[in-house]
Amino acid sequence: MKLSAEEVRHIALLARLGISEEEVEKLRNQLSHILENMEILSQLDTEGLSPTTQSIALENIYRLDEPSPSLPVEDVLSNAPNQEDNCFKVNAVLE
Amino acid sequence: MDNLHQLTIHEAHKLLKDKKISSVELTEDVLNHIHSVEDKVHACITLTEEEAIRSARTADQAIARGDIRPLTGVPTLIKDVICTKGIRTTCASKMLENFIPPYDASVIRRLQADNYVIVGKANMDEFAMGSSTENSAFFVTHNPWDIDCVPGGSSGGSAAGVAIDECIYALGSDTGGSIRQPAAFCGVAGLKPTYGRVSRYGLVAFASSLDQIGPITKDVTDCALVLNTITGHDARDATTVPLGVPDYTRALKANIKGMRIGVPKEYFVEGMQAEVRSVLEVAIQKLEELGAIVDWEVSLPYTKYGLAAYYILAPSEASANLARYDGVKYGYSYRNTNNMWEAMEKTKQNGFGAEVKRRIMLGTYALSAGYYDAYYLKAQKVRTLIKSDFEQAFQNYDVLVTPTSPTVAFRIGEKVDDPVAMYLSDLCTLPINIAGVPAISIPAGFANGLPVGMQFISKHFDEESLLKVSYAFEQATDWHNQKPPLS
């Protein structure tokens, strides 16, 4: 099964990843090749098996809801590409 | 004293404790050595010389007060995926080229409590995705045993740094083999602890159900010493287990008489180098000579599905984890537009390298509507099978032994254009992360002049058995004392 260029563009859109036309073609080939190697899994009957989401099976870790100091605002913003009035500044979300 | 940089942790500790050397002397010697070899190896993204000398002075003051623990005053390299407050942490990505973390990872806080000394941040594959360190956005690290070869990856800078004595020990991270495979390629020891043993707080996330931090060291004793410091429950990482931590040095006993060792035949795969196979056979015979009971005919039948399951699970988790690099809170940000979506797409397009993009795409595909059941859910069910393979094996064996990688270090450039060939390099290490069990790689000999790694695997939370069998092998052999020609 080979992915279409349309499918590659759709996946990139879902990931909000910009890709060039050259990358579309390259990814189409590489992803198709990788996915072919995954077809081996369809040989396995996994009917009725539970999925394992992580390996050590800890569940529902609780802690007391006690306030404790957070990082200072200036530290949190120290890597911000753009900021104003102690906030991250972003492009308009609604236009 | 000469060549202090060649010391192990336990050797350096003894000299520091007996006041034969100071941490400043040791640190200066390591820094000088870095300057003499780094232009050939390129193990470090950032050198932290001032910080190193400052913390060495602090360590010397502590030692003068009698406050000394095994890692006190001992210089280390930290993989550049572990957050260090005030020290640039890049993940070898343009995305984080100028990122200076406002906090320390929990493992760093534990090391600081022992007055550790950091000499630099080690090169790696971008966001820990790769098996050769060629995916670093900055430069390629060279294998000290042959500078035309890769050091393995993704913790290639850490492993090469330890092999060439640019540090006394290093920290790496391991999602599918990223500590063990480079340790094997560079002829040093590397241990991936049980999932949940070491806090991931402050480890930049790749695949959260698989990632684990661990030591890369010059011998097995040093692995135990680093584990003693970095393991334990952390309220900041809910996946760490609230279990007590043993003193791992108590596992360092050379007697393995009666230890039950299994050799899973599926790990001696087609395509494996014949020389690697012979080295492993001789090494396993050595274990028999030492009194271990070796079963050469063990089967873990689901092993062959590990690679496919891993390359669904890890990219799926990565595609979710890396969605945070949107150019808003930190990191590279595309600014030549007022359009929110365009800014986000261009930020990722310019900030990520080819392998990271490939895995985001693969993971997004596997999680997308219509494919989730066929890929992601299927892979999680296969994970159940792979885990049960190990559970059954450990009813009969204390440890399993395998090659760490099917080949020795390959040449730089050999596999960069063939992602699937690159992925095969981790064939023997991936199933261990899928099952969450611990494993170690130690030097077992040489093939074609390059180091061969032997991997031991044990059940959940039984790092002691790994250390015990590795220590016994190390005491009976001399491979860990071999030094690369560059040093």
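Cut-offs and rules
Residues numbered from 1 in each chain as written. Chains lettered and ligands numbered in written order. Predicted model: local features only at pLDDT ≥ 70, side-chain atom pairs only at ≥ 80, totals over all residues. Heavy atoms only, no water. Helix = DSSP H or I, 4+ residues; strand = E, 2+ residues; numbered from the N terminus. Buried < 20%, exposed > 50% of the residue type's maximum accessible area, 1.4 Å probe, protein only. Lys, Arg positive; Asp, Glu negative; His and termini not counted. Charge placed at Lys NZ, Arg CZ, Asp CG, Glu CD. Contact = heavy atoms within 4.5 Å. Disulfide = S-S within 2.5 Å. Pairing = 2+ DSSP bridges. Axes fitted to C-alpha atoms, helices over the stretch in contact; angles between N-to-C directions. 1 Å grid on protein atoms, 1.4 Å probe; cavity = no way out; pocket = protein on both sides within 12 Å on 5 of 7 lines; lining within 4 Å. Points joined across faces, edges and corners; volume = space filled by probe spheres on them. Nonpolar A, V, L, I, M, F, W, Y, C, P; charged D, E, K, R; others polar. Salt bridge = Lys/Arg side-chain N within 4 Å of Asp/Glu carboxyl O.

**Brief notes about the overall build of chain A**
A count of helical and extended segments in chain A gives 3 helices and 2 strands. Secondary structure of chain A in N-to-C order comes out as α-α-α-β-β. Structurally, chain A occupies a C-alpha span of about 55 × 40 × 25 Å along its principal axes. By residue count, 27% of the 95 residues in chain A fall in the buried class. Seen as two clouds, the 7 positive and the 18 negative side-chain charges of chain A have centres 8 Å apart.

**As for the environment of Ala43 of chain B**
Residues and elements named next belong to chain B. Examined against the element boundaries, Ala43 turns out to sit in the loop between helix 2 (23–41) and strand 1 (44–47). Sequence separation between Ala43 and Ile284 is 241 residues, and the spatial gap between their C-alpha atoms is 32 Å. When neighbours within four sequence positions are excluded, Ala43 is seen to be in contact with Glu38, Lys121, Ala122, Asn123, Thr141, Gly157, Gly161 and Glu166.

**Regarding the state of the cysteines**
Residue and element names in this part refer to chain B. Taken as a whole and judged by the stated rule, the model has 0 disulfides over all chains. A disulfide-free cysteine, Cys44 has its sulfur positioned 7.7 Å from the sulfur of Cys167, the nearest such atom. Under the relative-accessibility criterion, Cys44 is labelled buried at 6%. Not part of a disulfide, Cys83 finds its nearest cysteine sulfur in Cys91, a span of 7.3 Å. Overall, Cys83 belongs to the buried group, its relative accessible area being 3%.

**Describing the sheet that holds strand 8 (residues 293–298) of chain B**
Residues and elements named next belong to chain B. Pairing within the open sheet is mixed, and its 11 strands lie in the order 1-3-2-4-6-5-10-11-9-7-8. The outermost strands of the open sheet, each flanked by one partner alone, are strand 1 and strand 8. Sheet twist, expressed as the average angle between the axes of neighbouring strands with direction ignored, equals 30 degrees. As paired elements, strand 4 (residues 169–174) and strand 6 (residues 212–217) share 5 bridges and run antiparallel to each other.

**Notes on the layout of surface pockets**
By volume, the largest pocket is sized at about 690 Å³. As for the largest pocket, its lining consists of 30 residues, of which Leu71 of chain A together with Cys83, Tyr103, Tyr201 and Gly202 of chain B are closest to the centre. Each residue belonging to the lining of the largest pocket can be placed in one class, and the counts come to 15 nonpolar, 5 polar and 10 charged.

**Quick look at the pattern of salt bridges**
Residue and element names in this part refer to chain B. Applying the stated rule across the entire model yields 26 salt bridges over all chains. Across the pair Arg260 and Asp398 runs a salt bridge whose closest N-O atoms are separated by 3.1 Å. Highlighted residues: Arg260 in strand 7 (residues 260–264) and Asp398 in the loop between helix 12 (373–393) and strand 9 (399–403), separated in sequence by 138 residues. With relative accessibility at 34%, the residue Arg260 sits in the partly exposed group. Taking relative accessible area as the criterion, Asp398 reaches 22% and is therefore assigned partly exposed. Notably, a salt bridge pairs Glu355 with Arg358, separated by 2.5 Å at the nearest N-O pair. Of this pair, Glu355 and Arg358 both sit in helix 11 (residues 354–367), 3 residues apart, roughly one helical turn.

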